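Spelled out, the chains give:
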Amino acid sequence: MLKYLVIIISSVFLLTVAATVGVLGVFWHYGRGLPDYQQLAHYEPSVTTRVYAGDGRLIAEYATEKRSFVPLSAMPQRVIKAFLSAEDKTFYSHPGIDVWGVMRAVVINARNLGGDRRPVGASTITQQVAKNFLLTNEVSLERKIKEVMLAFRIERAFSKDHILELYLNEIYLGFSSYGVAAAAMNYFNKSLDELTVAEAAFLAALPKAPNNYNPRRHPVAAKQRRDWVIGRMLEDGHITPGEAMAAQNEPLTVGYRTDTALVGGAGFFGEEVRRELAARYGESALYQGGLQVRSTLDPTLQSIANRALREGLVAYDRRHGWRGPMGRIQVEARWQERLASLLPIPGLEPWQLAVVLETGGEDARIGLVDGTLGSIPFAEMRWARPWLPAQKVGPSPSRPADALRVGDVVPVEPVKADGEGRAYPPGTYALRQLPKVDGALVAMDPHTGRVLAMAGGFAYGRSQFNRATQAQRQPGSAFKPFVYLAALNNGFTPSSLILDAPVVIDQGPGLPLWKPSNYSDDFLGPTTLRVGVERSRNLMTVRLAQAVGMEQIVDYAERFGISDNLTPTLAMALGAGETTALRLTAGYAMLVNGGKRITPTIVDRVQDRTGRTIYRHDARPCPNCAGEYVPEEPMPQVPDTREVVTDPASAYQMVSILQGVVERGTGRRVSAIGKPLAGKTGTSNDSVDAWFVGFSPDLAVGVFVGFDEPHSLGDKETGSSVAAPIFKDFMAAALADKPAVPFRVPPGIRLVRVNPATGRLAGPHDRVVILEAFKPETVPTGEVEEVLGGGEVDAVGAFRFGAGANPAGVSPLAPPAGGVAPDMGGLY
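Anyway, here's the lowdown on the structure attached to this text. From a predicted model like this one, the values you see are computed outputs, not experimental measurements.

**Digging into the packing of aromatic side chains**
Aromatic rings considered in pairs are described by the distance between their centres and by the relative angle of their planes. One pass over the full model with this rule turns up 20 aromatic pairs. Ring geometry for Tyr187 against Phe188: centres 6.3 Å apart, planes inclined by 45°, an arrangement best described as tilted. Phe188 carries the same exposure label as Tyr187, and that label is buried. Ring plane angle 15° and centroid distance 6.3 Å describe the contact between Tyr556 and Phe560, whose orientation is recorded as stacked. Here the two residues Tyr556 and Phe560 agree in accessibility, since each one is buried. Each residue in the set Phe479, Phe482, Tyr556, Phe560, Tyr588, Phe695 and Phe743 is aromatic and connected to the rest through ring pairs, giving one cluster. Here the basic side chain of Arg559 rests over the ring of Tyr556, its NZ or CZ set 4.3 Å away from the ring centre.

Quick look at the structure:
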């Protein structure tokens, strides 16, 4: 017996030694290439970058993993306890692995051996941290061994609270949610402290298989799993029986993340912010760095801009006829399915898609995608004259069948009343058409350059090309104010006389004579500088640019940020160069702010994930601004560090002249708003580009309209008819609740009563008198004044600039080497 006992003991000893050596060998083998777990001490997860409007509402989020990091100390206990009950109830007592859980998993896997069921694990929260942060999701013995080894090391290196904080912020819970805070928002539209016991239990039910417990696709399985977690919470003593019963009886309702806190219609603005952040900080910081971005957007003005631009483009499009249905389908049977198959259509919202089911004498019967039936009265399709080439239209329809046929697929919009206010019955719709023309609207604070609204097109969903910042177009006569400003800074006054008469300019050897003309093809003779701007006279502008010199005009274009490479040719004075709506609007803003340089900005401040400010647009020094506010003490003074780009007196003179454009000139339809406004129309050659850029004392706005593939907007379509109405609608709404504030008059300006037609001092018999702005040394004296307009006069009275008018011997219209004469803009 003793012999056998020795053999048994020796065998057990040898087996123990062999097992120990084997285990140590395994740990040595797999422990050599383990990842560095110390990196978990400096955990910086991928966090969502958020862009906020000026009022704090969310505009956009950018992330590869949508996550909001929340410290464990800020998480409610019901959420923590729910996850511990569901995932690892012995978390605060085990050394990294749950031995009993491992044994249970071994038994279950042994039973399932040979089957097709996935092996179950017994991973603790610590093991899941090791897997999620340092390993892969590979199902293998090797990964499991590494996971266990890392779990032991992590437990020795970090506190339990730190490990749990890592887990709850990193875990993927479905619905594009990383971490419990993002999941609470995406599933229930709540913050963590607002979750009920049932909602916390549901989130804790998700780590095992988020897709299998998706409450929208698998509501029964999701509720069963949630109720199981509630039962575990009851067993572990985290909730009372009454709380458990109430939680299990609570329906599992997913609260879609509402858009009430989101700024709608800011797609173009948000994309512009995204591009700027990516250029400044890189893609990694943008999508993973958790930047907090306070933008300049005013949601109210953005909504007005979207509506005004959209309605203006639709109004233009309707004037130029009906281009036909968006498609045709069979309506005999299953027309709803055929109609639905055509969706989505970018840019259609908020309109709906309908199919014409029947046409009668007074209306057309239609059906919508959801099966709703309605009608389009003839009054709501009377505008649908057939479109013809060159933006012309055919005859007006006399009955519904002239515009629509059965099977036509058309956009419609519900309407409640006709144009005269007579109520329509329910189910009445109006015929609509997605415009081919597009445009942009920019609104900014002229004193700071903060862009308050930006509509870069008819619909962001239809095209992400931002016509406010990316479309290089000819401004036409909208550029003229800077030509006249240069003249005002070179001795001219608003009353200076300039000859409005035919001009013929020698472009140089081998080139034809250039004969610019006015839009109206008439001539006013000697005319004041003011009237030249108000009535947008091309010939006066050419003479003035010739007198001032195109080098100065180019300098002003660069100084005001309109163009960086304007060619010094006279055609550029008529707006033949190219610029963007944003840059031109900023140039006008520098007129109304008194000639101070501003830089257009869409971002006020950027903070990193820790709250540290890493960018601020307003960089003016103010050491006393950070102190505590004391009502009795005066407000700290912030210095004005803006560079002066022009004489403030000249800037005001131009503002006054542009106010005249609205009151008496090409922009007079804007005057219906009844508040101090100034601005200028612009139309390029052949009516390809239409503009209106203007301002109130504290708001600068630019509007551009044109086709993406440039071609004519049509006969008689100008900035006055196309862009000015959009400007008017925007300003009417934006200034509706604002008092009428006059334009600010700088020191050194004298306001003198003059006759606006002659520029002379007003006499007792003058019927039309205005207050003209003069610098003190330039007030009219009543003496005879020289008229700008020298040169030679031919037999028919046309003026010709000869060599004497160009001492340098270089034609002001000479094209670049190897090029051709530039296209002439500035029709109106």
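**Examining the pattern of salt bridges**
The tally for this structure, following the rule as stated, stands at 43 salt bridges. In this structure, Glu276 engages Arg280 in a salt bridge whose closest nitrogen and oxygen atoms are separated by 3.3 Å. Of the two residues, Glu276 and Arg280 are both situated in helix 11 (residues 267–281); the distance of four residues between them amounts to about one turn of the helix. Exposure remark for Glu276: the relative accessible area of 23% places this residue in the partly exposed category. One continuous salt-bridge network, built from bridges that share partners, spans Arg530, Glu534, Glu663, Arg664 and Glu772.

**Digging into the nonpolar core**
By size, the foremost hydrophobic cluster in this structure holds 88 residues, and its most contacted members are Ile59, Phe269, Met444, Leu529, Phe560, Leu658 and Phe695. Sorting elements by how many residues they give to this core places helix 19 (residues 581–592) first, with nine residues. Ignoring sequence-local partners within four residues, the contact set of Leu658 consists of Pro481, Val533, Tyr588, Leu591, Ala678, Gly679, Lys680 and Phe695. With 54 residues, the next largest nonpolar core counts Ala86, Val129, Ala130 and Leu173 among its residues.

**Quick notes on unusual backbone geometry**
Following Leu343, the chain continues into Pro344 via a peptide bond in cis, with omega recorded as -5°. Its place among the elements puts Pro344 in the loop between helix 14 (335–340) and strand 5 (352–359). In this structure, the amide linkage connecting Glu349 to the following residue, Pro350, adopts the cis form with an omega of 5°. By the secondary structure assignment, Pro350 is in the loop between helix 14 and strand 5. Of note, the phi angle at Arg334 is positive, near 55°, even though the residue is not glycine.

**Points about the side chain of Thr683**
Among the structural elements, Thr683 can be located in strand 19 (residues 678–683). Thr683 sits in the buried class, given a relative accessible area of 1%. A polar contact of 2.8 Å, which involves the side chain of Thr683, links it to the backbone nitrogen of Gly719.

**Looking at the side chain of Thr528**
Examined against the element boundaries, Thr528 turns out to sit in strand 16 (residues 525–528). Sequence-distant contacts of Thr528, that is, excluding residues within four places in its chain, are made with Pro494, Ser495, Ser496, Leu497, Met540, Pro756, Ala757, Thr758 and Gly759.

**Examining the packing of helix 13 (residues 299–319) against helix 21 (residues 719–734)**
Look at helix 13 against helix 21: their axes get within 9 Å of each other, and the N-to-C directions meet at 150°. One way to sum up the angle between helix 13 and helix 21 is to call them roughly antiparallel. Regarding helix 13 and helix 21, the two cross each other, and that crossing is right-handed. Here Leu301, Ile304, Ala305, Arg307, Ala308, Leu309, Gly312, Leu313, Tyr316 and Arg319 of helix 13 come into contact with helix 21, specifically with Ser721, Val722, Ile726, Asp729, Phe730, Ala733 and Ala734.

**Focus: the sheet that holds strand 3 (residues 292–295)**
The strand order 2-1-3-17-18 describes an open sheet built from five strands, whose pairing is mixed. Bordering the open sheet on either side are strand 2 (58–62) and strand 18 (613–616), each of which pairs with just one other strand. The sheet shows a mean angle of 15° between the axes of neighbouring strands, taken without regard to direction. The sheet contact formed by strand 17 (residues 603–607) and strand 18 spans three bridges and is antiparallel. From the neighbouring strand, Arg605 faces strand 18, where its bridge partner is Arg616. Contacts between helix 11 and the sheet are confined to strand 1 (49–52), strand 2, strand 3, strand 17 and strand 18, with strand 2 contributing the most and set at about 45° to the helix.

**Some points on the sheet that holds strand 20 (residues 690–696)**
Taken together, five strands build an open sheet; the order of strands is 13-12-21-20-19 and the sheet is antiparallel. This sheet does not close on itself; its edge strands, each paired only once, are strand 13 (451–455) and strand 19. Taken over all neighbouring pairs, the strand axes of this sheet differ in orientation by 5° on average, direction set aside. Sheet analysis places strand 19 next to strand 20, joined by six bridges and oriented antiparallel. Across the sheet, the residue bridging to Lys680 is Val693, located in strand 20.

Conventions we followed
- Residues numbered from 1 in each chain as written.
- Predicted model: local features only at pLDDT ≥ 70, side-chain atom pairs only at ≥ 80, totals over all residues.
- Heavy atoms only, no water.
- Phe/Tyr/Trp six-rings, centres within 6.5 Å; stacked < 30°, edge-to-face > 60°.
- Buried < 20%, exposed > 50% of the residue type's maximum accessible area, 1.4 Å probe, protein only.
- Lys NZ or Arg CZ within 6 Å of the ring centre and 35° of its normal.
- Salt bridge = Lys/Arg side-chain N within 4 Å of Asp/Glu carboxyl O.
- Helix = DSSP H or I, 4+ residues; strand = E, 2+ residues; numbered from the N terminus.
- Core = buried A, V, L, I, M, F, W, Y, C linked by side-chain atoms within 4.5 Å.
- Contact = heavy atoms within 4.5 Å.
- Polar contact = N/O pair within 3.5 Å; in protein donor to acceptor, adjacent residues only side chain to side chain.
- Axes fitted to C-alpha atoms, helices over the stretch in contact; angles between N-to-C directions.
- Parallel < 35°, antiparallel > 145°, perpendicular 65-115°, else oblique.
- Left-handed = near helix turned anticlockwise from the far one by under 90°.
- Pairing = 2+ DSSP bridges.

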